[in-house]
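# Understanding the architecture of this molecule
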Amino acid sequence: MVVKLQRPILVGGLGLSFSLWILQSWHDSIVQLGEYSVLSLLLVGGGLLLLKQNRSKQDSHILDSLPVDRETVESAIAKTETVINHLAGEAENHHALAQLRERIPQLYTELDRQEIHLAVTGGKSVGKTTLIQVLTSNWRPGIGRKICLQEIAPLFIEVSENSDAPALAQAKATDFILFLTNGDLTDTEFQTIQQLQAEKHRLMLVFNKQDQYLADERASILLALKQRMQENIVAISTSPLPVKIRKHNDDGSVQEWMEQPAPDIEQLTQQLGETLAQQGQQLVWATTMRKALLLKAEAKNYLNGVRCDRANPVIEQYQWIAAAAAFANPVPALDILATAAINAQMIVDLGNIYQQKFSLEQAKTVAGEMGSLMLKLGLVELSSKVIGTVLKSHAVTYVAGGAVQGVSAAYLTRLAGLSLVEYFQQQEIAVNSATGFNVEILGQTLQKVFQQNQQVGFLQWFVKQGVKRLLPEVAEEKIFTAETVA
Ligand SMILES: Nc1nc2c(ncn2[C@@H]2O[C@H](COP(=O)(O)OP(=O)(O)OP(=O)(O)O)[C@@H](O)[C@H]2O)c(=O)[nH]1
Ligand SMILES: [Mg+2]
C-alpha cells in the first residue's frame with residue numbers, strides 16, 4: 001500500500017513566531033530533557049537486563065547441543081544455506097553473496113576433515129614453541145589422525161581492550177585449545193578461559209615450567225588451579241632447567257656436572273591422547289558446527305541490512321500519516337493516541353519485508369498489543385511530555401495542542417516500526433513461518449528501541465521534522481532562520 005502524504009494539512013490560522021529568546025530557553029529545555037532521560041533510563045534498565053539474560057540463554061541453548069552428531073551439523077549447514085538463498089532472492093547482486101556461497105561446500109568438506117587442529121596459546125614466553133617442538137618430536141598418539149599444532153601469538157601483552165581478539169579468533173578456529181600458564185592464573189587469564197568455555201570451546205589448562213617450583217609450591221599451585229577449573233588440568237615441564245649432578249667416588253673425590261632432564265609431558269600426552277582418541281570425530285563436527293553458525297549469523301546480518309533499507313521508508317511513510325491524522329484531529333486521550341499511532345497496515349507491510357506474513361486481522365491484534373504495551377511502559381506519557389517540552393522551546397505553544405499530538409503520534413509510530421524491525425531481525429529465518437507473536441520479547445524490544453531513540457539531539461531533530469511536515473509554510477523558513485542564528 002502506498003499512501004502519498006497530502007500537505008499542507010490544517011495550517012490556517014496558526015502562526016509560529018520565532019525570536020531570539022527561544023534560543024536562550026533552549027538550554028533550560030535541555031536540562032529538563034536530561035531529567036526525562038534519566039527517568040526513562042531507570043524505566044528501561046530492568047527490561048534491558050531481561051533482554052540480555054534472554055539473549056545469552058538463547059545462545060548457550062544452541063551451543064549446549066554440542067557435541068553434535070553429523071546430522072545436526074548437516075542440518076545447520078542447510079539452514080545457513082537457506083539464509084544465503086533468502087539473501088540471493090532479496091538482493092541478487094549483493095556484494096557478499098559470492099563469498100558466502102563459496103563457504104557452504106567448504107563446510108561439507110570440513111565435516112570429513114581427518115586432521116585435528118590444536119591451538120597452543122597463553123601469555124608471552126609460557127613455553128608454547130618449546131611444547132610444540134617436544135610434542136612434534138616425542139609424541140605419537142596413534143589415533144589414525146594427523147595432528148596439527150598451531151602456535152598462537154602471545155596473549156596479554158598489550159593492555160588495550162580487544163588487542164587479543166585476532167589471536168583468540170585463531171585459537172577459536174581450532175578443534176581443541178591447549179592453554180599454557182606458568183603458575184596460578186591471573187584474572188585476565190581466568191577471564192579468557194571462562195570466555196572460551198562459555199563459547200563451548202574445548203580446552204586443557206597446561207601448567208608448564210613446574211620445574212621452577214619446589215614440590216610443595218607445585219602442589220599448592222595445582223590445587224589453586226583445580227579450584228578454578230575442575231577438570232582438564234595437567235602439569236608439565238617442556239624444558240626443565242639443567243640440574244647439578246654430584247658423584248662421590250670411592251677414592252673420596254667428588255665429581256660434579258650439569259645434566260639436562262628429559263621433558264616431562266606425560267600427563268599431557270596421556271590425557272590429550274585419550275581425549276583425541278575418544279572424541280576426535282566429535283571435535284571436528286563441533287568446529288564445523290561453530291563455523292556454520294558463524295556463517296549463518298554473517299549472512300543473516302547482510303539480509304537484515306537489506307531488509308532494514310526497505311523498512312525505513314515504510315516506517316517513515318506511516319509515521320507522517322499518523323502525524324497528519326493526530327494533528328488534524330487532536331484527541332487528548334493518551335490511549336487513543338497510542339492505538340491510532342500504530343497502523344495495522346504498517347505491521348503487514350513490515351512483516352512482508354521480513355517474510356513474516358500477517359493478515360490484516362492479525363496485524364490489528366499486534367497493533368493493539370503494542371499500543372497497550374506502550375501505555376503500560378509509560379512511553380506514551382513520557383514521549384508526549386518530552387515532545388511538548390521541545391515544542392515549547394520552538395515557541396509553538398500556539399499550536400501545542402495539535403502539534404504535540406501530531407509529533408507524538410509520529411514518534412510512537414516510529415518506535416513501533418523500529419521495534420518491529422528489531423523484533424523480526426531477532427527471529428529465526430522463517431522457513432514456514434506464521435509462528436505466534438511473542439509479546440514479552442516485543443515489549444523488551446520496545447523498551448530498548450525507546451531508549452535508543454530518546455536522546456535529546458534526536459528528539460530535537462525529530463520535532464523539527466514534525467513541525468516542518470505539519471506546518472510547512474511557517475516552520476521551514478523560521479526553523480532554518482533559527483538554525484542559522486544559532
Ligand atoms: N624452566 C623451564 N623453562 C622453560 C620450560 N619450557 C620453556 N621454557 C623456557 O621458556 C622460554 C620461552 O619458551 P618458548 O617456548 O619460546 O615460549 P613461547 O611461549 O613460545 O614464547 P613467545 O612465543 O615468545 O611468547 C625459553 O627460554 C624456554 O627454554 C620449562 O618447562 N621449564
Ligand atoms: Mg613462541
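Residues numbered from 1 in each chain as written. Chains lettered and ligands numbered in written order. Predicted model: local features only at pLDDT ≥ 70, side-chain atom pairs only at ≥ 80, totals over all residues. Heavy atoms only, no water.

### What to know about the packing of aromatic side chains
- Enumeration over the complete set of coordinates arrives at nine aromatic pairs.
- Ring centres of Tyr 423 and Phe 424 lie 6.1 Å apart, and the angle between their planes is 65 degrees; this geometry places the pair in the edge-to-face category. For the pair Tyr 423 and Phe 424, a shared accessibility class is recorded, and that class is buried.
- By the ring-pair criterion, three or more aromatic residues cluster together here, those being Trp 320, Tyr 411, Phe 458, Trp 461 and Phe 462.
- One Lys or Arg, Arg 228, reaches over the ring of Phe 190 and ends 4.5 Å from the middle of that ring. (Phe/Tyr/Trp six-rings, centres within 6.5 Å; stacked < 30°, edge-to-face > 60°. Buried < 20%, exposed > 50% of the residue type's maximum accessible area, 1.4 Å probe, protein only. Lys NZ or Arg CZ within 6 Å of the ring centre and 35° of its normal.)

### Some words on the site of ligand 1
- Surveying the vicinity of ligand 1 reveals 17 residues, the closest of which are Lys 124, Thr 129, Thr 130, Asp 211 and Thr 238.
- Lys 124 is positioned such that a nitrogen or oxygen atom in its side chain is 2.6 Å from an oxygen atom of ligand 1.
- The protein chains hide 74% of the 650 Å² of surface that ligand 1 would expose on its own.
- A per-element tally of the shell around ligand 1 places helix 4 (residues 128-138) first, with three residues.
- Its residues placed into classes, the shell around ligand 1 shows three nonpolar, nine polar and five charged. (Near = heavy atom within 4 Å. Polar contact = N/O pair within 3.5 Å; in protein donor to acceptor, adjacent residues only side chain to side chain. Areas by Shrake-Rupley, 256 points an atom, 1.4 Å probe, with all protein chains shown as cover. Helix = DSSP H or I, 4+ residues; strand = E, 2+ residues; numbered from the N terminus. Nonpolar A, V, L, I, M, F, W, Y, C, P; charged D, E, K, R; others polar.)

### Brief notes about the sheet that holds strand 1 (residues 116-122)
- Ordered in space as 2-1-3-4-5, the five strands form an open sheet in which the pairing is parallel. With partners counted over all chains shown, the strands left at the sheet margins are strand 2 (147-151) and strand 5 (233-235), one partner each. Taken over all neighbouring pairs, the strand axes of this sheet differ in orientation by 25 degrees on average, direction set aside.
- Direction of pairing for strand 1 relative to strand 2: parallel, over a ladder of five bridges. Each bridged residue has a counterpart across the sheet, and for Ala 119 the counterpart in strand 2 is Gln 150.
- Lying over the sheet, helix 6 (residues 187-198) contacts strand 3 (176-181) and strand 4 (203-207), oriented at roughly 170 degrees with respect to strand 3. (Pairing = 2+ DSSP bridges. Axes fitted to C-alpha atoms, helices over the stretch in contact; angles between N-to-C directions. Contact = heavy atoms within 4.5 Å.)

### So, unusual backbone geometry
- Unusually for a residue other than glycine, Phe 156 sits at a positive phi of about 60 degrees.
- Taking relative accessible area as the criterion, Phe 156 reaches 24% and is therefore assigned partly exposed.
- Here the phi dihedral of Lys 200 falls at roughly 65 degrees; this positive angle occurs in a residue that is not glycine.
- In this structure, Lys 200 sits in the loop between helix 6 and strand 4.

### Notes on the coordination of the magnesium ion (ligand 2)
- Of the protein atoms, only Thr 129 (OG1) and Glu 151 (OE) coordinate the magnesium ion (ligand 2), at distances of 2.0 to 2.1 Å. In this pair, Thr 129 is assigned in helix 4 and Glu 151 in strand 2, connecting sequence segments 22 residues apart.
- Given a relative accessible area of 40%, Thr 129 falls into the partly exposed group. (Donors = N, O, S within 2.8 Å, 3.2 Å for Na, K, Ca; no water.)

### What about the pairing of strand 4?
- Taken across its five residues, strand 4 has five buried, putting it largely inside the fold.
- The alternating pattern of strand 4 places Leu 203, Leu 205 and Phe 207 on one face and Met 204 and Val 206 on the opposite face, and all of these are buried.
- Bridge analysis of strand 3 against strand 4 gives five bridges, and the strand direction is parallel. Looking across to strand 4, one finds that Thr 181 is bridged to Phe 207.

### What to know about the pattern of salt bridges
- All chains considered together, the criterion is met by 13 salt bridges.
- In this structure, Arg 70 engages Asp 112 in a salt bridge whose closest nitrogen and oxygen atoms are separated by 2.9 Å. Residue Arg 70 is found in helix 2 (residues 70-90), and its partner Asp 112 is found in the loop between helix 3 (97-111) and strand 1; the two are separated by 42 residues along the sequence.
- On the basis of relative accessible area, Arg 70 is assigned to the partly exposed category, the value being 28%.
- With a shortest N-O distance of 2.5 Å, Lys 448 and Glu 422 are connected by a salt bridge. Highlighted residues: Lys 448 in helix 14 (residues 439-452) and Glu 422 in helix 13 (residues 400-426), separated in sequence by 26 residues. The burial state of Lys 448 is the same as that of Glu 422; both residues are buried. (Salt bridge = Lys/Arg side-chain N within 4 Å of Asp/Glu carboxyl O.)

### A closer look at the packing of helix 10 (residues 344-353) against helix 11 (residues 360-376)
- Contact geometry for helix 10 and helix 11: axes closest at 8 Å, N-to-C directions at 110 degrees. Taken together, the axis directions place helix 10 and helix 11 in an arrangement best described as roughly perpendicular. For helix 10 against helix 11, the interelement crossing comes out right-handed. Residues Ala 344, Gln 345, Ile 347 and Val 348 of helix 10 form the contact with helix 11, whose own contacting residues are Leu 360, Ala 363, Lys 364, Val 366 and Ala 367.
- Its residues assigned to classes, the contact of helix 10 with helix 11 comprises seven nonpolar, one polar and one charged. (Parallel < 35°, antiparallel > 145°, perpendicular 65-115°, else oblique. Left-handed = near helix turned anticlockwise from the far one by under 90°.)

### Brief notes about the nonpolar core
- Formed by 58 residues in total, the largest nonpolar core has its most connected members in Ile 347, Leu 350, Met 370, Met 374 and Leu 415.
- Those elements that provide at least two residues to this core are helix 8 (266-328), helix 10, helix 11, helix 12 (379-393), helix 13, helix 14 and helix 15 (456-470).
- Looking at this core, the element that brings in the most residues is helix 13, giving 14 residues.
- For Leu 415, the contacting residues outside a window of four places in its chain are Met 374, Leu 379, Leu 446, Val 449, Phe 450 and Asn 453.
- Ile 116, Val 134, Val 206 and Val 234 belong to the second largest nonpolar core, which has 23 residues in total. (Core = buried A, V, L, I, M, F, W, Y, C linked by side-chain atoms within 4.5 Å.)

### Digging into the confidence of the model for the chain
- The pLDDT averaged across the chain works out to 80; a share of 78% of its residues lies at or above 70.
- Taken element by element, the predicted model of the chain shows its lowest mean pLDDT in helix 1 (residues 20-64) (37) and its highest in strand 3 (98).
- Contacts for the low-pLDDT stretch residues 479-486, under 50 throughout, to residues beyond four places or in other chains number eleven contacts. (pLDDT = per-residue confidence, 0-100.)

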